[in-house]
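# What the coordinates show
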Amino acid sequence: MAEISKFFNSAPGDPRTYQASDFADYFGSVLSTGLLHTDNIPALEVKCDGTDLRTYVTPGKAIIQGYLYENTSNLYLEHALPEPTLDRIDRIVLRLDKRNQSRYIRLFVKQGTPDENPVPPDLQRDDFIYELSLAQIRVRANTSTLNPADLIDERLDENLCGLVHSLISIPTSQFQAQWDLYFNAKKDEIDAETLAYEQELANKLIQYENDFNAWFADIQDTGFASSTDFNAHKADTTKHITAEERIAWNSAEQNAKNFVLQAKPNLLKNSAFQFGLAGWQALAGAPFGAGSSITRGTFAMYVNSVPAGSWAVLESNQRIGFAGSLQVTLSADFYTLGITSGKVFLEINSNGTPVVVGQLVADLNKDWHRKSATFTLPSNATEIWLRFVIGDTQSTTPAGTKAVTRIKLEYGTQATPYSEEANFLYVRDGKLNVRNAITNKGGTVADADGDGIPTFDELVSGIDNIPSGMTISDGYPSMLFITNYSRFISKDGTKILEFDVTWPTKTLTKRVYNTNYTLLSTTSITIPCDSTNSGVYYCNGMIGVATVVGGQYKFKIYDENFNFIRDVPITYDMYNSGGYVDKLAFNSQGYVASMNPNTSPYTYLVDASGNLLKSHLFSNNVFYDNLFFISDEHILYLSWANAGSTHSTSLLYKNGSSWTMNEGTGPIFDMMRSLIKHIIRNQAKIIVE
């Protein structure tokens, strides 16, 4: 055992010599390791200019294990070059090194390891070296500068750095033991005194109650309303207020009126998402949605998580024009309950500099709440627009509802109550679009007040007077078979497509011509089947060919580039009964109609799975040499005056849940046939040769 005491002057014959470690041990026993501070504001702050790969540390002092450190001016530290593809995290540390070759406290950059998910390097703390972390910074891959936004201050983290404080403590346990001893000795005495006081108080309360009842009995009929007057007053429904209350009431009413009169119009359309996400677009396919609730109404929302360094963006299509440097105020209701990290905000963008004018940031983990802020628009911009953004540079925004609604963008510096002036323009534009759609369909829309905008009743009447009846539908061009050729107008209406099938090679050939009938290209494929015929049909960019595979009829469907789409099998057997398919047509639902041009001609209609919907034997020995869909529910059959045949026009149409054939011949049907041919030539752009 040894007794140690410090520090004393030397005397003759009794030298007193001390090491620096003795002083450090002394100070380390009364003061903790950390940064010295003034008014709880620590020094030695790490900063960066954002122009190079350097950070710097401001002046300040620290104590590490009793050793003192001081930096008297901004000290710059150089960081190593980043990796081409991976980030890393460096730490700026204050290092005590007690080894004989060192004996110092200095600032160093402690370099991290590059990784897809980098972490800061560990601190070294052993018998000789002890490090404090002042800050960490993310060194982005393939860059030549450090971003101040990537800097994280760690000075106040007690596990990494912390502030200096006294290590001297008060022995409170001894005080508590002495107090308990005293209190137990006095407890019985205090309990007795408390019981006596409570009894005395109870007696006095009884006396006070008796005195009050006696007093009230003497004066209850003096200066008070009778029960009759009191009941009459209760039955009086007239509002009664004092003069002071009336003055306050009138003042509050005037203040409310003034506030409403100062309100400015909302510049943003569909600002509460009453029309879903109309007028807004999700960038890069982000899965934004529209929702509603009883308490908040309609809103835009995003429920997926967003990793750090990524953003989900819903952008308004509306560009709001302005001139000059103006101030605007942005307000909105946000919902972030359960979202404890990341960032949810509205952003104003411009076509000037800066592009991002400002951000209105929602509070995290909070039920519906309203935020507002004022921004100055750049003088070199002429238009602005809004974005609803989910995401943060530093942290992941977790999954859960993140919503916004009741957005208001207004000129000026004061946030006023939410309003929907721009939505009135949105409804007006919608009315005009509906009116144009009605007139394009041959209908008419009244405008009784002459303001150019129809009422909803006028739009309803306009819809009711749109001409009805069967028409030649868009996307259903017909065809005319000429020997083994089928010709059509292309889907975009700019080319002529010619198809033919060669037997027995089973080759399907497509020739493309311009409108002057100049050949542009020729393409061929071999159809995988046992046999085929000349039946080729083209509709809405798809090609259909009648084939026989393994004794069963199948309609093979290709796109315009001869990419195979699907087979439509025919469940009934015409092949074994001696018939063959010569004409073919199909609609947008995959239904296929075909003809068997024997002396007793049949037509068949099947759905996309090959189930038979209708079969019909034509009467009068009529040879139909063409059929085509003129809508999804109407099939037209024509004969083109072939030798030995009777002119005829027939129509197969859907009647409720079944299909009905209307077959005809004679002068009336000849007239119908001529009229339909005229409609086809002029309305559906069919080439007839």
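These notes cover the structure that comes with them.

The rules behind the values
- Residues numbered from 1 in each chain as written.
- Predicted model: local features only at pLDDT ≥ 70, side-chain atom pairs only at ≥ 80, totals over all residues.
- Heavy atoms only, no water.
- Helix = DSSP H or I, 4+ residues; strand = E, 2+ residues; numbered from the N terminus.
- Contact = heavy atoms within 4.5 Å.
- Salt bridge = Lys/Arg side-chain N within 4 Å of Asp/Glu carboxyl O.
- Buried < 20%, exposed > 50% of the residue type's maximum accessible area, 1.4 Å probe, protein only.
- Patch = residues over 30% accessible without salt bridge, like charges linked within 9 Å, V, L, I, M, F, W, Y side chains within 5 Å.
- Areas by Shrake-Rupley, 256 points an atom, 1.4 Å probe, with all protein chains shown as cover.
- Pairing = 2+ DSSP bridges.
- Axes fitted to C-alpha atoms, helices over the stretch in contact; angles between N-to-C directions.

## Some thoughts on the overall build of the chain
The helix and strand inventory of the chain stands at seven helices and 40 strands. A separation threshold of at least 6 residues defines the contact pool for the chain, and within that pool the share at least 24 residues apart is 59%.

## Observations regarding the pattern of salt bridges
It is possible for side chains bearing opposite charge to pair when their charged atoms get close. On inspection of all chains with the given rule, the structure shows 20 salt bridges. The residue K204 makes a salt bridge to E200 at a minimum N-O spacing of 3.5 Å. You can see K204 and its partner E200 sitting in helix α2 (residues 172-219), four residues apart, about one turn around the helix. For D333, the salt bridge goes to R406, with nearest N and O atoms at 3.1 Å. Note that D333 is positioned in strand β18 (residues 327-335) and R406 in strand β23 (residues 402-411), a separation of 73 residues in sequence. Given a relative accessible area of 31%, R406 falls into the partly exposed group. Via salt bridges that share partners, D87, R138, R140 and D150 belong to a single interconnected network.

## Some remarks on a nonpolar patch on the surface
On the surface, W179, Y182, F183 and I190 cluster together into a nonpolar patch covering about 420 Å² of accessible area. One can find I190 in helix α2.

## What about the sheet that holds strand β14 (residues 289-293)?
Strand order in the open sheet made by the five strands is β14-β15-β23-β18-β21, with antiparallel pairing throughout. Where the open sheet ends on each side, the last strands, each with one partner, are β14 and β21 (369-376). Ignoring which end each strand starts from, the neighbouring axes of this sheet average 35 degrees apart. In this sheet, strand β15 (residues 297-302) lies alongside β14 in antiparallel orientation, the contact comprising five bridges. Looking at the pairing, G289 lines up with M301 of β15.

## Things to note about the environment of P307
Its place among the elements puts P307 in the loop between β15 and β16 (311-316). On the basis of relative accessibility, which here comes to 45%, the residue P307 falls in the partly exposed class. The sequence separation of P307 and G342 amounts to 35 residues, and the corresponding C-alpha distance is 8.7 Å. Here P307 is in contact with D392 and T396, once residues within four sequence places are set aside.

## Focus: the sheet that holds strand β8 (residues 75-78)
One open sheet accounts for three strands, arranged β4-β5-β8; its pairing is antiparallel. Of all strands in the sheet, those with a lone pairing partner are β4 (46-47) and β8, marking the two edges. Examined bridge by bridge, strand β5 (residues 54-57) and β8 share four bridges and lie antiparallel to one another. Considered in β8, the bridge of R54 is made with E78.

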